[in-house]
Amino acid sequence: MTQWNDKVALITGGSAGLGRAIAAVFATHGAKVVICGRDQARLDLTGEQLRRQGGRVLTVVANIQQQHDVDALVARTIESFGQIDVLVNNVGRSSRGKLLDVSVEDFRDALDINFLTAVRMTRAVAPYVLATRGHIVNIGSLGAKSAVRFMGAYPSSKFPLAGYSQQLRLELAPEGVHVLFVCPGPIARDDSETRYAQQAADLPESAKRPGGGVNVKAIPPDELARRIIRCCERRKPELVVPGKARLLFALAQLWPSLADRIILRSTRAK
Ligand SMILES: NC(=O)c1ccc[n+]([C@@H]2O[C@H](COP(=O)([O-])OP(=O)(O)OC[C@H]3O[C@@H](n4cnc5c(N)ncnc54)[C@H](OP(=O)(O)O)[C@@H]3O)[C@@H](O)[C@H]2O)c1
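Everything numeric in this text was worked out from a predicted model, so none of it was measured.

Q: How would you summarise the overall build of the protein if you had to cite specific residues and measurements?
A: Across its full length, the protein carries eight helices and seven strands. Across the 270 residues of the protein, 50% fall into the buried class. Look at the contacts in the protein between residues 6 or more apart in sequence, and 74% of them connect residues 24 or more apart. Seen as two clouds, the 37 positive and the 25 negative side-chain charges of the protein have centres 7 Å apart.

Q: Explain the pattern of salt bridges to me, using residue names and the numbers behind them.
A: For side chains of opposite charge, pairing can occur when their charged atoms come near one another. All chains considered together, the criterion is met by nine salt bridges. Put simply, Asp6 and Arg56 hold a salt bridge, and the shortest N to O gap is 2.9 Å. Highlighted residues: Asp6 in the segment before strand S1 (8–11) and Arg56 in strand S3 (residues 56–61), separated in sequence by 50 residues. Residue Asp6 is classed as partly exposed on the basis of its relative accessible area, which comes to 42%. Under the relative-accessibility criterion, Arg56 is labelled partly exposed at 37%.

Q: Help me get a handle on a positive patch on the surface, residues and values and all.
A: On the surface, Arg226, Arg230, Arg234 and Lys236 cluster together into a patch of positive charge. Along the chain, Lys236 falls in the loop between helix H6 (221–233) and strand S7 (238–241). Lys236 sits in the partly exposed class, given a relative accessible area of 40%.

Q: Summarise the pairing of strand S6 (residues 178–184); cite the residues concerned and give the values.
A: Here is the key point about a regular strand: its side chains alternate between the two faces of the sheet. Taken across its seven residues, S6 has seven buried, putting it largely inside the fold. Of the two faces of S6, the one holding His178, Leu180, Val182 and Pro184 and the one holding Val179, Phe181 and Cys183 are both buried throughout. Bridge count for strand S5 (residues 135–139) against S6 is five bridges, and the pairing is parallel. Residue pairing in the sheet places Ile139 in a bridge with Val182 of S6. After leaving S5, the chain enters helix H5 (residues 154–172) and then returns to the sheet as S6, a path that is right-handed. As judged from the four bridges shared by S6 and S7, these two strands associate in the parallel manner. Looking at the pairing, Pro184 lines up with Val241 of S7. Handedness of the crossover is the feature at issue here: the chain leaves S6, passes through H6, returns alongside S7, and the resulting connection is left-handed.

Q: Just give me the short version of the packing of helix H7 (residues 245–254) against helix H8 (residues 256–266), but keep the residues and values in it.
A: Running from amino to carboxyl end, H7 crosses H8 at an angle of 135°, the nearest separation of the two axes being 6 Å. In terms of axis orientation, H7 runs oblique to H8. In this structure, H7 uses Leu248, Leu251, Ala252, Gln253 and Leu254 to contact H8, whose residues at the interface are Pro256, Leu258, Ala259, Ile262 and Ile263. Class assignment of the residues belonging to the contact of H7 with H8 gives a composition of nine nonpolar, one polar and no charged.

Definitions and limits used
Residues numbered from 1 in each chain as written. Predicted model: local features only at pLDDT ≥ 70, side-chain atom pairs only at ≥ 80, totals over all residues. Heavy atoms only, no water. Helix = DSSP H or I, 4+ residues; strand = E, 2+ residues; numbered from the N terminus. Buried < 20%, exposed > 50% of the residue type's maximum accessible area, 1.4 Å probe, protein only. Contact = heavy atoms within 4.5 Å. Lys, Arg positive; Asp, Glu negative; His and termini not counted. Charge placed at Lys NZ, Arg CZ, Asp CG, Glu CD. Salt bridge = Lys/Arg side-chain N within 4 Å of Asp/Glu carboxyl O. Patch = residues over 30% accessible without salt bridge, like charges linked within 9 Å, V, L, I, M, F, W, Y side chains within 5 Å. Areas by Shrake-Rupley, 256 points an atom, 1.4 Å probe, with all protein chains shown as cover. Pairing = 2+ DSSP bridges. Right-handed = clockwise from strand over helix to strand, strands pointing away. Axes fitted to C-alpha atoms, helices over the stretch in contact; angles between N-to-C directions. Parallel < 35°, antiparallel > 145°, perpendicular 65-115°, else oblique. Nonpolar A, V, L, I, M, F, W, Y, C, P; charged D, E, K, R; others polar.

Have a look at this one:
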């Protein structure tokens, strides 16, 4: 029996990667879990895996870049489980590219997937999370607080999530809602060495590596998911992994040229 027993957690993009690990951790802590994704087969497979481990899981095919899919996803959740205690805005996509080569259209697309999906979901789920005095978890990145070179529109589209999370926290804390902003460095995955090979083909070696070449050890998704649920239990405002990255964030505010030099040195083409 945990505090999550019979609570309802809706995780966007819960069919793969970090989202799947977050869904699994909430399910094993007794929560009912809702996951969504666009690919039905992958979603069904993940749903089955979670159910085999004893999870109570609802899977909903949805593209949350579409408002009507967002509305249908929330309606299905309420129809099936009657409430929402946790919203995890996990959907997002990293990229590679020289900034001056990124088109306005690509910026618009990145902003939609990395920022507006969270805005759409939060607006739709807010009445339910306010009713349960629950949690909103926004998955950012180290790149939401500090840019590195050659990551295309990713930092520009994740930075807004930091401002959104802070303002949500300030406005919703008096209403009893906990808002957590998560800034992970690279997350361990099987394809991490090859994932950006094509996009980064003409870029320096550092751009092909996880996190754009930052000198940070990748965290396993299960471990990150466990840290996220602990932060919800303690109602923490932010989770930065690794924590020492906070020093760089602070330095960038106080002495930007020095922070830039450190970033350049640590991501130099190898
Ligand atoms: N991977 C890393 O190293 C890393 C590091 C720092 C931060 N992050 C952040 O962590 C989050 C998860 O990243 P990840 O690497 O675990 O992602 P991933 O493995 O690519 O999985 C993305 C998930 O989101 C779903 N999805 C994508 N677009 C969607 C849409 N429009 N509507 C509904 N579902 C959608 C995918 O399913 P379908 O494709 O079937 O839709 C899948 O379930 C992102 O916000 C990312 O920026 C990742």
